[in-house]
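Structural features, examined
Here's the letter readout for the chains.
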Amino acid sequence: MKKIEFWKMSGSGNDFVVIDNRRRLIRQDYGSWAKRLCHRQFGIGADGLLLLEKDSKTDFRMIYFNADGSRADMCGNGARCMAYFAHAQHVVPELFRFQTDAYTVGAKIEGHHVRVSLADARDFKPRVKVKVGAKVYQPAFLNTGVPHAVLFVRNAEKVLVSGLGRS
């Protein structure tokens, strides 16, 4: 059985399995790997899988897969974790750039602090209709590299955010 070294990292409440894949330890079907590794009961448990890979134009490429096995273009919290990981693995100096499927990210490491330069949000729509069961909501929409729906509520403590968000 092949051993693959990984880090388990957390960034602003999201957690990730992070692997240096420059030597192609994982070669195919990244989605299946993400589902197995990120499973909370039978795997390591995480919101997503981050892979550090070679890139010809920047210092490296970040590949991101959600826990359900779907590929996402970008993850801001994941980008911060990946930047720290790459620096800790001596892949990059304190100031560097890396590629995601969405855009190039600039990063700076200062001790244990990580700063990433993300692209401006785009495609803003102040209201879109979203039907969840029998109820219709009108969240704002914007794309930060991945699509986001933002629903403003009067009392967030009374909203089952994880259930509504997932729906």
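For the structure itself, look to the data block above.
Presented here is an overview of the structure given in this document. (Residues numbered from 1 in each chain as written. Predicted model: local features only at pLDDT ≥ 70, side-chain atom pairs only at ≥ 80, totals over all residues. Heavy atoms only, no water.)

**Some details on the overall build of the chain**
Helices and strands together make up the secondary structure of the chain, namely three helices and 13 strands. Burial analysis of the chain (167 residues in total) assigns 36% to the buried set. In the chain, of all internal contacts separated by at least 6 residues, the share reaching a separation of at least 24 is 46%. As presented, the chain carries roughly 10,700 Å² of accessible surface, and 50% of it is formed by carbon and sulfur atoms. (Helix = DSSP H or I, 4+ residues; strand = E, 2+ residues; numbered from the N terminus. Buried < 20%, exposed > 50% of the residue type's maximum accessible area, 1.4 Å probe, protein only. Contact = heavy atoms within 4.5 Å. Areas by Shrake-Rupley, 256 points an atom, 1.4 Å probe, with all protein chains shown as cover.)

**A few points about the packing of aromatic side chains**
Counting across every chain of the model gives six aromatic pairs. Ring geometry for Phe 16 against Tyr 64: centres 6.0 Å apart, planes inclined by 70°, an arrangement best described as edge-to-face. Of this pair, Phe 16 sits in strand β2 (residues 14–20) while Tyr 64 sits in strand β4 (residues 61–66), and the two are 48 residues apart along the sequence. Given the relative accessible area of 0%, Phe 16 is considered buried. You can call Tyr 64 buried: its relative accessible area is 5%. Between Phe 60 and Phe 96 the ring centres are 6.0 Å apart and the planes differ by 40°, which places this aromatic pair in the tilted class. Separated by 36 residues along the polypeptide, Phe 60 in the loop between β3 (48–53) and β4 and Phe 96 in strand β6 (residues 95–99) bring together distant segments of the chain. Side by side, Phe 60 and Phe 96 carry an identical accessibility label, which is buried. (Phe/Tyr/Trp six-rings, centres within 6.5 Å; stacked < 30°, edge-to-face > 60°.)

**Details of helix α2 (residues 76–88)**
Taking 1.5 Å of rise per residue, the 13 residues of α2 would be expected to cover 18 Å, and the 19 Å separating its terminal C-alpha atoms lies within 8% of that figure. Directly after α2, the chain includes His 90, whose backbone phi takes a positive value near 65°. (Expected span 1.5 Å × (residues − 1).)

**A look at the sheet that holds strand β13 (residues 147–150)**
The sheet built from three strands is open, its strands ordered β9-β12-β13 with antiparallel pairing. Of all the strands in the sheet, just β9 (122–125) and β13 have a single pairing partner and so form its edges. Going from strand to strand, the sheet's axes swing by 15° on average, the running direction of each strand aside. Two elements, strand β12 (residues 140–143) and β13, share four bridges in a ladder whose sense is antiparallel. Each residue of the ladder has a partner; that of Leu 142, found in β13, is His 148. (Pairing = 2+ DSSP bridges. Axes fitted to C-alpha atoms, helices over the stretch in contact; angles between N-to-C directions.)

**So, the state of the cysteines**
Counted under the stated rule, the structure contains zero disulfides. With no disulfide of its own, Cys 75 has Cys 81 as its nearest cysteine by sulfur position, at a separation of 8.0 Å. Accessibility expressed as a relative area gives 13% for Cys 75, which makes it buried. (Disulfide = S-S within 2.5 Å.)

**A short note on helix α1 (residues 30–38)**
Buried within α1 are the following residues: Tyr 30, Gly 31, Ala 34, Leu 37 and Cys 38. An end-on view of α1 places all buried positions within 135° of arc, on one side of the element. Buried residues in α1 make contact with β2, β3 and β4. (Arc of directions from axis to C-beta.)

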